[in-house]
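# Analysis of the macromolecular model
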Amino acid sequence: MSDGAQAGLIENRTFDELAIGDAAAVDKRLTLEDIKLFAVISGDVNPAHVDEEYARGSRFHEQIAHGMWGGALISSVLGTRLPGPGTIYLGQTLRFHAPVRLGDRVHVTVTVRDKIADKNQVIFACACHNQDDALVLDGEARVLAPTEKIRRPRTLMPTVRLAERGRLHELLANTDYVAPIKTALVHPVEPAPLRAAIEAAETGIIEPVLIGPDERLRQAAADAEVDLGPYACVSVPHSHAAAQKGAAMAASGEVAALIKGALSADELLTALLADNARLRTERIPCEVMAFDVPTYPRPLLIADPRVNVHPDLFAKRDIVLNAVELAHALQVESPRVAMLSSSEAIDPRLTSTLHAAAVCKMADRGQIPRAVVDGPMAFDTAISPATVSARGVVSPVAGQADVLVAPDLESASMLVKQLHHLADARGAGLLLGLRVPVVMSERDDDVPTRLTGIGLLARLALAGS
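Parameters and conventions
Residues numbered from 1 in each chain as written. Predicted model: local features only at pLDDT ≥ 70, side-chain atom pairs only at ≥ 80, totals over all residues. Heavy atoms only, no water. Core = buried A, V, L, I, M, F, W, Y, C linked by side-chain atoms within 4.5 Å. Buried < 20%, exposed > 50% of the residue type's maximum accessible area, 1.4 Å probe, protein only. Helix = DSSP H or I, 4+ residues; strand = E, 2+ residues; numbered from the N terminus. Phe/Tyr/Trp six-rings, centres within 6.5 Å; stacked < 30°, edge-to-face > 60°. Lys NZ or Arg CZ within 6 Å of the ring centre and 35° of its normal. Axes fitted to C-alpha atoms, helices over the stretch in contact; angles between N-to-C directions. Parallel < 35°, antiparallel > 145°, perpendicular 65-115°, else oblique. Left-handed = near helix turned anticlockwise from the far one by under 90°. Contact = heavy atoms within 4.5 Å. Nonpolar A, V, L, I, M, F, W, Y, C, P; charged D, E, K, R; others polar. Disulfide = S-S within 2.5 Å. Pairing = 2+ DSSP bridges. Polar contact = N/O pair within 3.5 Å; in protein donor to acceptor, adjacent residues only side chain to side chain. Salt bridge = Lys/Arg side-chain N within 4 Å of Asp/Glu carboxyl O.

## A closer look at the nonpolar core
One finds V320, L330, V337, I368 and V373 to be the most contacted residues of the largest nonpolar core, which totals 59 residues. Among the elements that make up this core, the one with the highest residue count is helix 11 (residues 313-329) (8 residues). If you look at the next biggest cluster of nonpolar residues, it comprises 29 residues, including V209, A242, A250 and V255.

What follows is the structure in structure tokens.
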């Protein structure tokens, strides 16, 4: 290794400094992340590379690297080591001799074969061997070599983290729907909610009833390029009337669920929670959101970012019951519920810590069945095994929570938005605790996010059937 490389510098070899036989090499082990990143960058999602089940039935019986992954390693050596910065690729030939399998360590070598002095061109022999010294790839590269010395600080590249589709997505995608759920879509006068509802109907998840102004429904259908012909439509003059009609249809049993369309959450909630709507049950309603978080190994449920501003003790109990019901529907048999606060200490000055302790005692006495509840608990303690280890916390929930119950609406709402915008979390929410569940889509949700909410609805219906 050169002094420049040791100092974190990148340095080239000019045309005049190169001699026949000069060589440079790099070693790289193939990981599953390498395959996925290359597929993301190139768009090459050939199942031989990215679909484990398909790959097992292929001639190689396992996932293998894209052929051009080896070519990219050759390019890396030419551009950073020999000749290095200032090199311009003119041509490359490649011959593929054997697959590169997961875990293989590839040794990539480029060797100066010829120099063309009047053009400052250099021809390199290129070869890739695996850990058994078997040739997997070879070829020839022609480059325009640099003529001026370049010595620069090596650029520190960002760490790349793949935002994987997690267990929640897989569970919803693989759900076998027994029968379509008759569902009122309230004011779907924009393309995204309408397209999501039609897609869900076409796959047999729901039987939609579209409630909204007739003219705006037709315009949304035209914009979404969908046909309203096969579906029931209820014409109302405006969004307020749509919310009231949806609530009335749910109360009368005409529909078994509701989906929020292009109207405000407050407008819909006012209609649903009104005493004359006859939708309330003995349980306090709340919203429970389910997320796939790329940095978390399981679906994460969060309550309540929508309904209860400052929930009292009994509201907290009902929020936990609602969240546990959705967790069971998502096949979490005994969900671990963390009652969030600022720390694990019970402090009479912090009502959230007293509520948490009381709810835990309710769970201990069987008032919250089929769940493990603990708290008060700080957010990092609830989700981070490293924090649990460092603090010496002993808890069946800490570091592996399935459900987070926030102290109040403000903290829940901020937590949900932070996960979405800073942690690339993806999910949706259901309003639970009423006589029918309600998918609470946001106005800016895209079609896949809205379909996730409908998928949650279907899982809930399946669990209750």
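## Re the packing of aromatic side chains
Under the criterion given, the structure shown has 0 aromatic pairs. A cation sits over an aromatic face here: K115 above F15, 4.3 Å from the ring centre. Against the face of Y296 rests R298, its NZ or CZ located 5.4 Å from the ring centre.

## Here we look at the packing of helix 7 (residues 191-202) against helix 16 (residues 447-464)
Here helix 7 crosses helix 16 at 50°, and the two axes come no closer than 9 Å. Here helix 7 lies oblique to helix 16, going by the angle between them. For helix 7 against helix 16, the interelement crossing comes out right-handed. In this structure, helix 7 uses A192, P193, R195, A196, A197, E199 and A200 to contact helix 16, whose residues at the interface are V447, R450, L451 and I454. When the residues that make up the contact of helix 7 with helix 16 are grouped by side-chain class, the tally is 8 nonpolar, no polar and 3 charged.

## Observations regarding the state of the cysteines
If you walk through the whole model with that rule in mind, you get 0 disulfides. For C128, which is in no disulfide, the shortest distance to another cysteine sulfur is to C126 and amounts to 8.0 Å. No disulfide involves C360; its nearest neighbouring cysteine sulfur is the one of C286, lying 17 Å away.

## Concerning unusual backbone geometry
Each neighbour pair has its own omega, and for L82 with P83 the value is 0°, a cis peptide bond. Mapped onto the fold, P83 is located in the loop between helix 5 (67-80) and strand 3 (88-96). In this structure, the amide linkage connecting G375 to the following residue, P376, adopts the cis form with an omega of 0°. Position of P376 among the secondary structure elements: in strand 15 (residues 372-377). For N120, which is not a glycine, the phi torsion comes out positive at approximately 55°.

## Here we look at the pairing of strand 8 (residues 181-186)
For strand 8, a buried count of 5 out of 6 residues is recorded, marking the element as mostly surrounded by other parts of the structure. In this structure, strand 8 lies alongside strand 9 (residues 206-212), joined through 6 bridges in parallel fashion. The residue bridging I181 from the neighbouring strand is I206, located in strand 9. Bridging between strand 8 and strand 11 (residues 257-260) involves 4 bridges; their strand directions are parallel. Within strand 11, the position partnered with L185 by the bridge is I259.

## Observations concerning the packing of helix 11 against helix 12 (residues 351-364)
Between helix 11 and helix 12, the least distance of the axes is 10 Å, while the angle of their chain directions is 55°. On the basis of the axis angle, helix 11 is oblique to helix 12. Handedness of the helix 11/helix 12 crossing: right-handed. Here helix 11 contributes L313, F314, K316, R317 and V320 to the contact with helix 12, which in turn contributes S352, H355, A358, V359 and M362. Considered class by class, the residues forming the contact of helix 11 with helix 12 number 6 nonpolar, 2 polar and 2 charged.

## Topic: the sheet that holds strand 16 (residues 403-405)
The strands making up a sheet associate through hydrogen bonds between their backbones, and the pairing can be parallel or antiparallel. The strand order across the open sheet built from 11 strands is 10-9-8-11-18-17-12-13-16-14-15, with neighbouring strands paired in mixed fashion. Of all strands in the sheet, those with a lone pairing partner are strand 10 (232-235) and strand 15, marking the two edges. Across the face of the sheet, helix 12 comes into contact with strand 14 (336-340) and strand 15 while running at roughly 165° to strand 15. Along the sheet, helix 15 (residues 409-422) makes contact with strand 12 (286-292), strand 13 (300-303), strand 14, strand 16 and strand 17 (426-432), crossing strand 13 at roughly 145°.

## Points about the side chain of D138
The topology assignment puts D138 in strand 6 (residues 135-144). Only 2.9 Å separates the side chain of D138 from the side chain of H97, close enough to count as a polar contact. The residues contacting D138, other than those within four sequence positions of it, are T93, L94, R95, H97, C126 and A127.

## Quick notes on the sheet that holds strand 3
If you walk across this open sheet you meet the 5 strands as 2-4-5-6-3, and the pairing is antiparallel. If you trace the sheet from one side to the other, it starts and ends with strand 2 (23-29) and strand 3, each paired once. Pairwise comparison of adjacent strand axes, ignoring direction, gives a mean angle of 20° for this sheet. Sheet topology places strand 2 next to strand 4 (residues 105-116); 7 bridges connect them, and they run antiparallel. Bridging across to strand 4, D27 finds its partner in H107. On the sheet, helix 5 packs against strand 2, strand 3, strand 4, strand 5 (121-129) and strand 6 and is oriented at approximately 140° with respect to strand 3.

## Some remarks on the pattern of salt bridges
Scanning all chains against the criterion turns up 21 salt bridges. E17 is the partner of K149 in a salt bridge, and the nearest nitrogen-oxygen pair spans 3.0 Å. Of the two residues, K149 is situated in the loop between strand 6 and strand 7 (151-153) and E17 in the loop between strand 1 (9-11) and strand 2; the sequence distance between them amounts to 132 residues. Residue class for E17 comes out partly exposed when judged on its relative accessible area of 38%.

## As for the environment of S235
The topology assignment puts S235 in strand 10. In the structure, S235 is positioned 174 residues away from L409 in sequence and 34 Å away in space, judged by C-alpha atoms. If near-sequence neighbours (up to four positions away) are discounted, S235 is found in contact with G212, P213 and D214.

Interpretation note: all reported values are geometric properties and have no functional meaning in isolation.
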